[in-house]
Amino acid sequence: EAGVTQFPSHSVIEKGQTVTLRCDPISGHDNLYWYRRVMGKEIKFLLHFVKESKQDESGMPNNRFLAERTGGTYSTLKVQPAELEDSGVYFCASSQDLVGTDTFFGQGTRLTVV
Amino acid sequence: AQSVTQLDSQVPVFEEAPVELRCNYSSSVSVYLFWYVQYPNQGLQLLLKYLSGSTLVKSINGFEAEFNKSQTSFHLRKPSVHISDTAEYFCAVSDLTGSRLTFGEGTQLTVNP
């Protein structure tokens, strides 16, 4: 069974440009999460989808970030326009149910804004 | 809201030595507790978790952690480490809905020969 897949693995963009990160969760997992780790700090929650609906987006830093999950399958996270402080590693994770089941993480996308 | 503190950012040890990675948490509600590991160039992997029952939980590769409610701690231990245990370890908590995880800042464990 394939794990959580993220694309691209690395992205270097200039300030002001747009970047779109993609996440393919494990098949059958209704829950999909985005997290971010900035400059070696803690991994912080960004948002949570249940199928195609945003369950909790309280961690999204500002309106330059837009997450979608069309059809309840893969998800995209768009940053537009990117700022220097958006640099970091963006992790996607998925889980089948909530209580008691494991959350599986992708390898992350390392975003560098220059 | 919850918070997690990992007391050591870097832990260097020699091979076959014991190790303890410390984790304390703060929460106004009951929580589930997790340790995740990130090996070089890989994603986060669940190492072990405490949901309920026995406060001592173990992983398949020899790590164990004990939930101490009175001290709000969930320290990770291994009696004898290997070079291959070199990785970054993250302590995390969630509330009992099991949704979002709150992570600590991570502890880099480096095992030297």
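The structure we're discussing is the one just above.
Quick notes on the rules
- Residues numbered from 1 in each chain as written.
- Chains lettered and ligands numbered in written order.
- Predicted model: local features only at pLDDT ≥ 70, side-chain atom pairs only at ≥ 80, totals over all residues.
- Heavy atoms only, no water.
- Helix = DSSP H or I, 4+ residues; strand = E, 2+ residues; numbered from the N terminus.
- Rg over C-alpha atoms; globule rule 2.2 N^0.38 Å.
- Buried < 20%, exposed > 50% of the residue type's maximum accessible area, 1.4 Å probe, protein only.
- Contact = heavy atoms within 4.5 Å.
- Areas by Shrake-Rupley, 256 points an atom, 1.4 Å probe, with all protein chains shown as cover.
- Pairing = 2+ DSSP bridges.
- Phe/Tyr/Trp six-rings, centres within 6.5 Å; stacked < 30°, edge-to-face > 60°.
- Lys NZ or Arg CZ within 6 Å of the ring centre and 35° of its normal.
- Salt bridge = Lys/Arg side-chain N within 4 Å of Asp/Glu carboxyl O.
- Buried area = accessible area lost by both parts, 1.4 Å probe.
- Polar contact = N/O pair within 3.5 Å; in protein donor to acceptor, adjacent residues only side chain to side chain.
- Nonpolar A, V, L, I, M, F, W, Y, C, P; charged D, E, K, R; others polar.

Asker: I'd like to hear about the overall build of chain B, residue by residue, with values.
Answerer: A tally of regular secondary structure across chain B gives 0 helices and 12 strands. Written out in order from the N terminus, the α and β elements of chain B read β-β-β-β-β-β-β-β-β-β-β-β. Taken over the C-alpha trace, chain B has a radius of gyration of 13 Å; the compact-globule value for 113 residues is 13 Å, and the two agree within 12%. Along the three orthogonal principal directions, the C-alpha set of chain B runs to about 40 × 30 × 25 Å. Buried positions account for 47% of the 113 residues belonging to chain B. Nonlocal contacts in chain B, meaning residues at least 24 apart in sequence, comprise 57% of its contacts between residues at least 6 apart. In the structure as shown, chain B presents an accessible area of about 5400 Å², 50% of it carried by carbon and sulfur atoms.

Asker: So what's going on with the pairing of strand β6 (residues 53-56) of chain A? Residues and values would help.
Answerer: All names here are of chain A. As paired elements, strand β5 (residues 43-50) and β6 share 3 bridges and run antiparallel to each other. Each residue of the ladder has a partner; that of Val 50, found in β6, is Ser 53. If you look at the hairpin formed by β5 and β6, you'll find 2 residues sitting between the two strands, and Lys 51 has a positive phi there, around 55°.

Asker: Requested: an account of the packing of aromatic side chains, with residues and values cited.
Answerer: Tallying each qualifying case throughout the model produces 14 aromatic pairs over all chains. A centroid spacing of 5.6 Å and a plane angle of 45° characterise the contact between Tyr 35 of chain A and Phe 105 of chain A, whose relative ring orientation is tilted. Of this pair, Tyr 35 of chain A sits in strand β4 (residues 31-37) while Phe 105 of chain A sits in strand β10 (residues 104-105), and the two are 70 residues apart along the sequence. Comparing Tyr 35 of chain A with Phe 105 of chain A shows no difference in burial state: the two are buried. When the ring of Phe 90 of chain B is compared with that of Phe 103 of chain B, the centres are 6.3 Å apart and the planes differ by 90°; the resulting orientation is edge-to-face. One end of the pair, Phe 90 of chain B, is in strand β10 (residues 87-95); the other, Phe 103 of chain B, is in strand β11 (residues 102-103), and 13 residues separate them in sequence. No difference in accessibility class separates Phe 90 of chain B from Phe 103 of chain B, as the two residues are buried. An aromatic cluster is present here, built from Tyr 33, Tyr 35, Phe 45, Phe 91 and Phe 105 of chain A together with Phe 34, Tyr 36, Phe 90 and Phe 103 of chain B joined pairwise through their rings. Between the NZ or CZ atom of Arg 22 of chain A and the centre of the ring of Tyr 74 of chain A, over which it lies, the distance is 3.8 Å.

Asker: How would you sum up the pattern of salt bridges? Please name residues and give values.
Answerer: With the rule as written, the count across this model stands at 13 salt bridges over all chains. With a shortest N-O distance of 3.3 Å, Lys 41 of chain A and Glu 105 of chain B are connected by a salt bridge. Of this pair, Lys 41 of chain A sits in the loop between β4 and β5 while Glu 105 of chain B is found in the loop between β11 and β12 (107-112), placing the two residues in two different chains. Take Lys 41 of chain A: its relative accessible area is 41%, and that puts it in the partly exposed class.

Asker: If you had to explain the interface of chain B and chain A to someone new, which residues and values would you point to?
Answerer: At the interface, 21 residues of chain B touch 21 residues of chain A. Counting each side, the surface lost to burial between chain B and chain A is near 1700 Å², with a carbon and sulfur contribution of 52%. Of all residues in chain B, Leu 44, Arg 100 and Glu 105 of chain B give up the largest surface area on contact with chain A, accounting jointly for 32% of the area buried on that side. One salt bridge in this structure joins Asp 102 of chain A and Lys 49 of chain B, with 2.4 Å as the shortest N-O distance. In this assembly, chain B and chain A are joined by 8 residue pairs in polar contact (both at pLDDT 80 or more). Sorting the residues of the side of chain B that touches chain A by element identifies β5 (31-38), β6 (44-50) and β10 of chain B as the ones contributing at least two each. In terms of residue class, the side of chain B that touches chain A is built from 9 nonpolar, 8 polar and 4 charged.

Asker: Can you lay out the environment of Arg 36 of chain A for me, pointing to particular residues and giving the numbers?
Answerer: All names here are of chain A. For Arg 36, the position within the fold is in strand β4. A relative accessible area of 14% places Arg 36 in the buried class. Those residues within four positions of Arg 36 in sequence are excluded, and the remaining contacts are Glu 42, Ile 43, Lys 44, Leu 46, Pro 61, Phe 65, Glu 85, Asp 86, Val 89 and Tyr 90. A distance of 3.1 Å separates polar atoms of two side chains, one belonging to Arg 36 and the other to Tyr 90.

Asker: Run through the side chain of Asp 86 of chain A, naming residues and quoting values.
Answerer: Residues and elements named next belong to chain A. Turning to its location among the elements, Asp 86 is positioned in the loop between β8 (75-79) and β9 (88-95). Only 2.7 Å separates the side chain of Asp 86 from the backbone nitrogen of Glu 83, close enough to count as a polar contact. Aside from chain neighbours lying at most four places away, what touches Asp 86 is Arg 36, Arg 64, Phe 65, Val 79, Pro 81, Leu 111 and Val 113.

Purely spatial values, then, with no claim about function.
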